[in-house]
Amino acid sequence: MNKQIEAIIFDLDGVITDTAEFHYLAWKKLGEDLGIPFDREFNETLKGVSRTDSLERILELGDRQNDFSEAEKDELATKKNAHYVELIRNISEKDLLPGIESFLIQIKRADIKIAMASASKNALMVANALGITSYFDHIVDAATVVNSKPDPEVFLKAANAVSANPENCIGVEDAAAGVDAINAANMFSVAIGDSTILSHANVVLSSTEELELNRIIDKYFAS
Ligand SMILES: O=P(O)(O)OC[C@H]1O[C@@H](O)[C@H](O)[C@@H](O)[C@@H]1O
Ligand SMILES: [Mg+2]
């Protein structure tokens, strides 16, 4: 098959904006309320993972997974979300991570499709608050995704929605589970963050400032 780039598919939290930090703070508060404190290292295992699966992992950490009914777990997840929504109340264009908007403009000019594959049910609201929705040809509705990253489902849904062949897609992620999902979707993975955690990506950049379309294209064709 002809190698070409049809779409670039973005994770949201921790890639486009630093909401990964707010997810961490909101889960940390819930964990402390439950007597299950945890650190940033454990938080790495929550990145990219859905709300319900994240709660399960925290309860397992405290060996409390059997202490709550499904209804009580729903209440806990709702409580975390209320705290998260409060933390992101004032986000706006100023909270776009450096280099993101210019990267989106470069992709648009190159006539490559842009999609979002976030596990967050708040993704559309956050994208609207950041003023970037119009750049996206498709934003996957997390409520329709059955399997959490590292399953490739959300990336495959995004590719399908913009009629792109997964092998001709590039995924951008900040989470280890997200990189696994991109790789499992048979896409080219670009990771932003710590290269010791994200070494399984095709390309690791230390910051969004380094996102530059020509550079990514060169790496993709060299792979
Ligand atoms: O609770 P939400 O907004 O639906 O988000 C679900 C998940 O969305 C992912 O993007 C985040 O990396 C996770 O930390 C978060 O738990
Ligand atoms: Mg992320």
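Residues numbered from 1 in each chain as written. Chains lettered and ligands numbered in written order. Predicted model: local features only at pLDDT ≥ 70, side-chain atom pairs only at ≥ 80, totals over all residues.

Asks: Can you lay out the site of ligand 1 for me, pointing to particular residues and giving the numbers?
Replies: Within the structure, ligand 1 sits among 19 residues, and Asp13, His23, Arg51, Ser120 and Lys121 are positioned closest to it. Contributing elements (two or more residues each) for the shell around ligand 1: helix H1 (19-33) and helix H3 (51-61). Its residues placed into classes, the shell around ligand 1 shows seven nonpolar, eight polar and four charged. Shared between two domains, the shell around ligand 1 holds at least three residues of each, these being domain 1 (7-17 + 94-222) and domain 2 (20-87). (Near = placed C-beta within 6 Å. Helix = DSSP H or I, 4+ residues; strand = E, 2+ residues; numbered from the N terminus. Nonpolar A, V, L, I, M, F, W, Y, C, P; charged D, E, K, R; others polar. Domains from an automatic or database assignment.)

Asks: Tell me about the nonpolar core, residues and numbers included.
Replies: Grouped together as the largest cluster of nonpolar side chains are 62 residues, with contacts concentrated most on Ile8, Ile9, Met116, Phe155 and Ala158. At six residues, H1 tops the list of elements feeding residues into this core. Of the domains in this structure, domain 1 (7-17 + 94-222) and domain 2 (20-87) are the two that each give at least three residues to this core. Excluding residues that lie within four positions of it along the chain, Phe155 makes contacts with Ile9, Ala117, Gly171, Ala181, Ile182, Ala185 and Met187. (Core = buried A, V, L, I, M, F, W, Y, C linked by C-beta atoms within 7 Å. Buried ≥ 20, exposed ≤ 12 C-beta atoms within 10 Å, placed from the backbone. Contact = placed C-beta atoms within 7 Å.)

Asks: Outline the pairing of strand E4 (residues 169-173), supporting the account with residue identities and numerical values.
Replies: Of all five residues making up E4, five are buried, and the element is well covered by its neighbours. Burial of E4 is two-sided: the residues Cys169, Gly171 and Glu173 facing one way and the residues Ile170 and Val172 facing the other way are all buried. By the bridge criterion, four bridges tie strand E1 (residues 7-10) to E4 in an arrangement that is parallel. Residue pairing for E4: Ile9 is matched across the bridge by Gly171. For the crossover from E4 across helix H8 (residues 176-184) to strand E5 (residues 188-192), the handedness is right-handed. (Pairing = 2+ DSSP bridges. Right-handed = clockwise from strand over helix to strand, strands pointing away.)

Asks: Describe in detail the sheet that holds strand E2 (residues 113-116), supporting the description with residues and values.
Replies: Reading across the sheet, the six strands line up as E3-E2-E1-E4-E5-E6 and stay open at both edges, with parallel pairing between neighbours. Either end of the sheet is taken by a strand with one partner, and the two such strands are strand E3 (138-139) and strand E6 (203-205).

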